[in-house]
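Listed below, chain by chain, are the residues.
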Amino acid sequence: MEVKASLIRPSINSDRNTKTLSNVLLFISVIFLAVVSGVLAAFGNVILLIALLAVYGLFFVLTAPLSWTVWLIFWVAFLITGPIAYFLRFSQLQWFTVLMSAALILPVLFYLLRNKANILTAKIPHDFFWPAAFLLLVIFSTVIDQPKISEVVNASRYYLLFWPLMLVFMLGLIRQEIQLQLWKALMIVAVLQLPMSIYQYLFVAKKNMRLSPWDAVIGTFEGSIEGGGSSAAMAIMLLIAILTAVALWHGRKLQGKWMIMVIVTSLGTIALAEVKAAVILLPIIIGFYYRKQLLHRPIESIVVMIGTILLVGGIFTAYEKLHYGNPSTHSFNPNQATSTYDRIMRALDPEAEASGGSELGRVNLLVSWWNLNVMKGDIQHSLFGYGMGATSTTRIGMGELVNRFPYQINTSTSIILLWETGILGHFVFLIVLLSGAQVSRQIARNEMVPEVNRILLRVAAISLLLLAITLPYKNFHLYSNPIQFLIMFMLGQAAYWARFVKNTASNK
């Protein structure tokens, strides 16, 4: 026995020494990466910073539970990258969430290999057909137009790197309870926008002498103090959160006090941020969700319509008092619109210009694209565009179209897609959103899906339709990480439950 014990002790000591050595190496590695991160951040080398973020993301994805990665992407995208860019001017952190999402392709591939799926010969699943068609069109449009490396690297985060997140939801690689938890977390994010927006309104916008100081009110979304940011993206997220709260409350899955909190804080934030489109869209999305109840209850419908009109009118009146009533907002330009009606009409004017022609209105930009491509008979660029990244400019590089125009041409997703992927790319991306909405609506009727998930599928259907409607409005579909997360989440949710219903029906 003594001999055996003496033989065991060296083995135990060896294991302890190995474990200790591993911990020491891990500690040294962490310290080394931290030091390198600080040095790169000080020098501001964007390419090296992105490479380092890729290493961090890959290490975390390979070692942490998959649900942790999804939650990390969510919280960083919605609450961390925006304030860091806003206050510290460090916008490169947006690459972290993008690269983390891209790294999710590894667990997706591992899942397919474990299930003995032949990745090279397997057919594209029906749920991923339109997204795959869009990605192929983007790659084809880029390849045929002799792209620059800087364009491809920069635009990859807009077009390519978020799709593995959708596959994670579609394949059910995380527990389905997390779907409900993410929707609830979205409502928490909506509530948290108000205190941040109050600070931005009182201490940033009120002291700003720009023509539109309210652009500085962006909550926790991306942007800067000097140039404003994604207030429209924040407002769209708030509309989706309001719809979620109302739907869950109506389905007796959320207490009324929490619904009221989400609605009141969201409307307060929209009032401070001056997002006219969100105010107009609010009654539309509520009407879409309750369209059947409204048709069967005409008296209640009239009451709801009157209440909605009063609500919209009240918010627009608040705009007049909070924003347009301040002479400093239009004293520098006598032609500056001074009422909500004037601003809405100017946005719809096909000949609208600003800043001496350096900015064109949304409709004007669409007309300009049509005249410069379709009317001139440029078939290649009309159908396929100039390739991804052609309209954007960052520290990494500048797109080939940026210097051709005296005005910015990437102000809306429709304009970006038309210039970069052509009519076909824009059409397929629209189909991606609409097909996701249609699948969500159909599956929400199936009794095999749990009730709370059917409610959330109906919310996703309206939300995806909302995102489709707003393609010509702003560019947040591609440029906002939180909105990209929501798109991938809702598309993946629809695809998962569609597969669930199909598999359940086939097993009966």
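Conventions we followed
- Residues numbered from 1 in each chain as written.
- Predicted model: local features only at pLDDT ≥ 70, side-chain atom pairs only at ≥ 80, totals over all residues.
- Heavy atoms only, no water.
- Patch = residues over 30% accessible without salt bridge, like charges linked within 9 Å, V, L, I, M, F, W, Y side chains within 5 Å.
- Areas by Shrake-Rupley, 256 points an atom, 1.4 Å probe, with all protein chains shown as cover.
- Salt bridge = Lys/Arg side-chain N within 4 Å of Asp/Glu carboxyl O.
- Lys, Arg positive; Asp, Glu negative; His and termini not counted.
- Charge placed at Lys NZ, Arg CZ, Asp CG, Glu CD.
- Helix = DSSP H or I, 4+ residues; strand = E, 2+ residues; numbered from the N terminus.
- Buried < 20%, exposed > 50% of the residue type's maximum accessible area, 1.4 Å probe, protein only.
- Axes fitted to C-alpha atoms, helices over the stretch in contact; angles between N-to-C directions.
- Parallel < 35°, antiparallel > 145°, perpendicular 65-115°, else oblique.
- Left-handed = near helix turned anticlockwise from the far one by under 90°.
- Contact = heavy atoms within 4.5 Å.
- Nonpolar A, V, L, I, M, F, W, Y, C, P; charged D, E, K, R; others polar.
- pLDDT = per-residue confidence, 0-100.

Side note on a positive patch on the surface
Working step 1: On the surface, R291, K292, R445 and R458 cluster together into a positively charged patch.
Working step 2: Relative to the assigned elements, R458 resides in helix α19 (residues 451-469).
Working step 3: Residue class for R458 comes out partly exposed when judged on its relative accessible area of 33%.

Notes on the packing of helix α10 (residues 231-250) against helix α12 (residues 276-289)
Working step 1: Packing of α10 against α12 leaves a shortest axis separation of 10 Å and a crossing angle of 30°. Relative to α12, the element α10 lies roughly parallel. Helix-helix and strand crossings are classified by hand; for α10 and α12 the assignment is right-handed. For the pair α10 and α12, the contacting residues are A235, I236, L239, I242, L243 and A247 in the first and A278, L281, L282, I285, I286 and Y289 in the second.
Working step 2: Taken together, the residues of the contact of α10 with α12 break down into 12 nonpolar, no polar and no charged.

Concerning the confidence of the model for the protein chain
Working step 1: Summary statistics for the protein chain give a mean pLDDT of 82 and a share of 80% for residues scoring 70 or more.
Working step 2: The low-confidence segment residues 329-334, where pLDDT is below 50, has 13 contacts with residues more than four positions distant or belonging to other chains.

Things to note about the pattern of salt bridges
Working step 1: A complete count under the given rule lists five salt bridges for this structure.
Working step 2: Here R175 and E177 are joined by a salt bridge, their closest N and O atoms 3.4 Å apart.
Working step 3: Here K276 and E274 are joined by a salt bridge, their closest N and O atoms 3.0 Å apart.
Working step 4: Exposure remark for E274: the relative accessible area of 7% places this residue in the buried category.

Let's talk about a nonpolar patch on the surface
Working step 1: A cluster of nonpolar side chains, contributed by L58, L62, I105, L109, F110 and L113, occupies part of the molecular surface with about 500 Å² of accessible area.
Working step 2: Those elements that provide at least two residues to the nonpolar patch are α2 (46-63) and α5 (105-114).
Working step 3: No other element matches the four residues that α5 contributes to the nonpolar patch.

Considerations on the environment of F489
Working step 1: Structurally, the position occupied by F489 is in helix α21 (residues 481-507).
Working step 2: The buried category is assigned to F489, whose relative accessible area is 2%.
Working step 3: The spacing of F489 and L165 is 324 residues in sequence and 7.4 Å in space, taken between C-alpha atoms.
Working step 4: Here F489 is in contact with F169, Q179, L182 and W183, once residues within four sequence places are set aside.

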